[in-house]
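Here's the letter readout for the chains.
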Amino acid sequence: MSTTKLKTTESETKQCASKDGTTSPLLTTPEPATSKRITRNAHHDAVLSDKEKFLNMKKEEKRKLYKCGKKFKQLNDIPTWPDFYNEHKERMKKAAAKKKLDMRYNVNEDINQRVSIWKGDITTLEIDAIVNAANSSLLGGGGVDGAIHSAAGKKLVAECATLNGCDTGDAKITAGYKLPARYVIHTVGPIGEKEDLLSRAYSSVLSRVKENSLASVAIPCISTGIYGYPSEKAVHVALQTVRDFLENDEYNQNVSHYFS
Ligand code: AR6
């Protein structure tokens, strides 16, 4: 689409120049900045058109494009927190006793039904949104970022390139393209142990969830891989931030599922 628009402009330019026999510097040799702007706008239009195409695609059609084939997971395939706990109770009790872990939170049955812990490849989840642990360029990387870009296809990086990067602690949303998930929320966690920034990354993700009226989201353990945040410390920041949202934000009843 970007080339089509630019070609039209060039041919119009040639016609104008030959009709009156003169050459207008503005028309025949467009300012590089103008030319670049036209190309950029056309490119932006093409990215938006691809995005709409994928967001409006019927599920049956989109399923043919999944990298994971038929191995995608739906919400019904993911046990709720109480089901997971009952299945792994003995092992979890032993581990808690060994590490002398205390109960940090009161049981909230309503929240328990809407939260899951799940181990697996996030790129197989057919839900509203999955979260990417990205870097500030938003142009891809290793870890979960690499897996998400590889499964979504090249159109994801094309949309990411229009977003002007992302600050640490912020989050930006794109379509999911060939992923089973409809959207990807890209957040940038801190490098190393910085509690405030990690909490802000989760809060920003939840703000995007709310703004886009999403009901299910999967969040990997941000910053705990390549960025080196110790997992056991990071998990408390994640739990506290998500729990605050589920308990206090007026949007919380719209959310059917969070999992990590
Ligand atoms: N599905 C689910 N979780 C995954 C997957 C997957 N396919 N792959 C990794 N994880 P990381 P970070 C988990 O390193 O520490 C990239 O290069 C992983 O086990 O992906 O925030 C970016 O571009 C860990 O628990 O992200 C940045 O430069 C969690 O995802 C940098 O890495 C996050 O690990 C971000 O580093």
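From a predicted model like this one, the values you see are computed outputs, not experimental measurements.

Draft legend 1. Inspection of the site of the ligand at higher detail. Neighbouring residues of the ligand: 19 residues in total, closest N135, G142, V144, D145 and I226. A distance of 3.0 Å separates a nitrogen atom of the ligand from a polar side-chain atom of D121. For the ligand, the accessible surface in isolation is 700 Å², of which the surrounding protein chains cover 78%. A total of 4 residues in the shell around the ligand trace back to one element, the largest contributor, which is helix α7 (residues 143–152). Broken down by class, the residue content of the shell around the ligand amounts to 9 nonpolar, 8 polar and 2 charged.

Draft legend 2. Representation of the nonpolar core in the model. Counting residues in each nonpolar core, the largest one holds 49 residues, and the members touching the most others are L125, I130, I185 and I219. At 6 residues, helix α10 (residues 231–248) tops the list of elements feeding residues into this core. Discounting residues that sit within four places of it in the chain, I185 has contacts with A129, I130, V131, N132, A171, K172, I173, V205, R208, V209 and L214.

Draft legend 3. Quick look at the environment of A152. Relative to the helices and strands, A152 is located in helix α7. Along the primary structure A152 and T123 are separated by 29 residues, whereas in three dimensions their C-alpha atoms are 8.4 Å apart. In this structure A152 touches G176, Y177, K178 and L179, once residues within four positions along its chain are discounted.

Draft legend 4. Just the packing of aromatic side chains, in detail. Scanning all chains against the criterion turns up 4 aromatic pairs. With a centroid separation of 5.5 Å and an interplanar angle of 80 degrees, the aromatic rings of Y66 and F72 are classed as edge-to-face. The exposure class of Y66 is buried, given its relative accessible area of 6%. Classification of F72 by relative accessible area gives buried; the value is 16%. Members of the aromatic cluster, connected to one another through ring pairs, are W81, F84 and Y85.

Draft legend 5. Main features of α10. With 18 residues, α10 extends 25 Å from end C-alpha to end C-alpha; this agrees with the ideal 26 Å at 1.5 Å per step. Among all positions in α10, only A234, V237, A238, T241, V242, R243, F245 and L246 are buried.

Rules behind the numbers
- Residues numbered from 1 in each chain as written.
- Predicted model: local features only at pLDDT ≥ 70, side-chain atom pairs only at ≥ 80, totals over all residues.
- Heavy atoms only, no water.
- Near = heavy atom within 4 Å.
- Polar contact = N/O pair within 3.5 Å; in protein donor to acceptor, adjacent residues only side chain to side chain.
- Areas by Shrake-Rupley, 256 points an atom, 1.4 Å probe, with all protein chains shown as cover.
- Helix = DSSP H or I, 4+ residues; strand = E, 2+ residues; numbered from the N terminus.
- Nonpolar A, V, L, I, M, F, W, Y, C, P; charged D, E, K, R; others polar.
- Core = buried A, V, L, I, M, F, W, Y, C linked by side-chain atoms within 4.5 Å.
- Buried < 20%, exposed > 50% of the residue type's maximum accessible area, 1.4 Å probe, protein only.
- Contact = heavy atoms within 4.5 Å.
- Phe/Tyr/Trp six-rings, centres within 6.5 Å; stacked < 30°, edge-to-face > 60°.
- Expected span 1.5 Å × (residues − 1).

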